[in-house]
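# What the coordinates show
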Amino acid sequence: MASKAALKGNRIHNNWFWGVMIQRMSTICIIGNYIFQNKCGGIRLAVNFSGQVFIDSNTVKNHSGPALHLQPDEVLQLSKLGWIEEKKEFLEKAYNFPSDIDPQLILKAGSLYSAPPIVTNRNTLLLNNLGQQHPKEQSKPLVKLCAYCHGKPQRGRKLQRCVDCKQAYYCGKTCSQLHWSKHKPICSILKGQHFFTVKIPPPRQDFITVRGFEPSLIDIGTSPPPKCDKDFIIKIQSGEELMPYNPNALLSVYDQSLTIDFRFIQPDIYHLIMECGVLCHKKLSCKKVFCWAAYAKKGKYIRIRTDVLAPFQTW
């Protein structure tokens, strides 16, 4: 359903997903907002074939993902080549592409937007696309600000440190309490909880799992199996797209060789991914993080390190 709205003069921050998500067929003016520290990114635009989006004079900063995300380049290229009917099902599944769009509209538009978004040069975009960051890096900004509201202390007052980890700063007790549910798992890591041990489930014998990966994941399944006496890199990924924050959601973990490839539940690691990870290929809400790991207990478990994150990988 089409909608019209105006979003002006707001502070939009600390959301688990995007600061602003604009659905298709929406007409909206986004003016003069301060959008910061949202866990996926600043502003995300869906395919929009009838509405007009106007973005002006906003400050968008401090995101692991992009300040502004339009639709993927792959889809734009397909639309410029013309509408290919056999691609329609792929587009619907991969990018939530609307199934009821008139192909002639795409050919006339020449892009995914019949009314392309208007983004002025008066928007301030700072410190976005930061990538995965360890909590220690996140807690040491160039300028000390409140970890919750991103504000500076009032004149004559100092920011207060978290009494446990001594890393996060707050305006006062109110901001500290409001941020505690998000800060608590990270706080334990900053205090010194550097390892999580996860049991490797036995392989299922009653069915065969067919594992599919995106073409953009380079060299997946090509490396030798990890050795028992050495650390190796694993990728841990959060659950389904556009699901509410759920520490008990299933996480996927695998190494480059796919010797390790299973799902598990660990609330603190889930929080670490959502807090410090980067968006997966769809740039929607699913996130991933790379960690160092090692076999433990005669290879029946893996021990995941959280004192430092592994380098970002292309697989």
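Thresholds, definitions, all that
- Residues numbered from 1 in each chain as written.
- Predicted model: local features only at pLDDT ≥ 70, side-chain atom pairs only at ≥ 80, totals over all residues.
- Heavy atoms only, no water.
- Helix = DSSP H or I, 4+ residues; strand = E, 2+ residues; numbered from the N terminus.
- Buried < 20%, exposed > 50% of the residue type's maximum accessible area, 1.4 Å probe, protein only.
- Contact = heavy atoms within 4.5 Å.
- Areas by Shrake-Rupley, 256 points an atom, 1.4 Å probe, with all protein chains shown as cover.
- Lys, Arg positive; Asp, Glu negative; His and termini not counted.
- Salt bridge = Lys/Arg side-chain N within 4 Å of Asp/Glu carboxyl O.
- Polar contact = N/O pair within 3.5 Å; in protein donor to acceptor, adjacent residues only side chain to side chain.
- Disulfide = S-S within 2.5 Å.
- Pairing = 2+ DSSP bridges.

## Some thoughts on the overall build of the protein
- Across its full length, the protein holds six helices and 20 strands.
- The 315 residues of the protein split such that 45% are buried.
- Look at the contacts in the protein between residues 6 or more apart in sequence, and 66% of them connect residues 24 or more apart.
- Counting every atom, the protein has about 17,200 Å² of accessible surface; 53% of that belongs to carbon and sulfur.

## Structural notes on the side chain of K235
- By secondary structure assignment, the location of K235 is in strand β15 (residues 232-237).
- Among buried Asp, Glu, Lys and Arg side chains, K235 stands out as unpaired, with D261 the closest opposite charge at 10 Å.
- Reaching out from K235, the side chain makes a polar contact with the side chain of Y254 at a distance of 2.7 Å.
- A polar side-chain atom of K235 sits 3.1 Å from the main-chain carbonyl oxygen of W315.

## Considerations on the pattern of salt bridges
- For the coordinates displayed, the defined rule picks out four salt bridges.
- The salt bridge involving E275 is made with K39; its shortest N-O contact spans 2.8 Å. One end of the pair, E275, is in helix α6 (residues 267-276); the other, K39, is in the loop between β5 (34-36) and β6 (41-45), and 236 residues separate them in sequence.
- In this structure E275 comes out as buried when scored by relative accessible area, which is 9%.
- Owing to a relative accessible area of 8%, K39 belongs among the buried residues under this scheme.
- A salt bridge links R122 to D56; its shortest N-O distance comes to 2.6 Å. With R122 in the loop between β10 (118-119) and β11 (124-126) and D56 in strand β7 (residues 53-56), the pair connects residues that are 66 residues apart, well separated along the chain.
- Judged by relative accessible area, R122 falls into the exposed class, the value being 54%.

## Section: the environment of T306
- Looking at the element boundaries, T306 is found in strand β20 (residues 301-309).
- The class for T306 is buried, based on a relative accessible area of 1%.
- Sequence-wise, T306 and C291 are 15 residues apart; in three dimensions their C-alpha atoms are separated by 7.0 Å.

## Description of α6
- Of all ten residues that make up α6, eight are buried, and the element is covered over most of its length.
- All of the buried residues in α6 are I269, Y270, H271, L272, I273, M274, E275 and C276.

## Considerations on unusual backbone geometry
- For Q37, which is not glycine, the phi torsion reads 50° and is therefore positive.
- In this structure, Q37 sits in the loop between β5 and β6.
- Phi at N62 takes a positive value of approximately 60°, unusual for a residue other than glycine.
- With respect to the helices and strands, the residue N62 is situated in the loop between β8 (59-61) and β9 (68-69).

## What to know about the state of the cysteines
- Taken as a whole, this structure holds zero disulfides when the rule is applied.
- Cysteine C40 is unpaired, with the sulfur of C286 as its nearest cysteine sulfur at 9.2 Å.
- The exposure class of C40 is buried, given its relative accessible area of 0%.
- The thiol of C165 is not disulfide-bonded; the next cysteine sulfur, from C162, is found 3.8 Å away.

## Let's talk about the sheet that holds β6
- Taking strand neighbours across the sheet as the criterion, the three strands line up as β3-β6-β9 in an open arrangement whose pairing is parallel. The two strands at the open ends of the sheet, each matched to only one other strand, are β3 (18-22) and β9.
- In this structure, β6 lies alongside β9, joined through two bridges in parallel fashion. Within β9, the position partnered with I43 by the bridge is L68.

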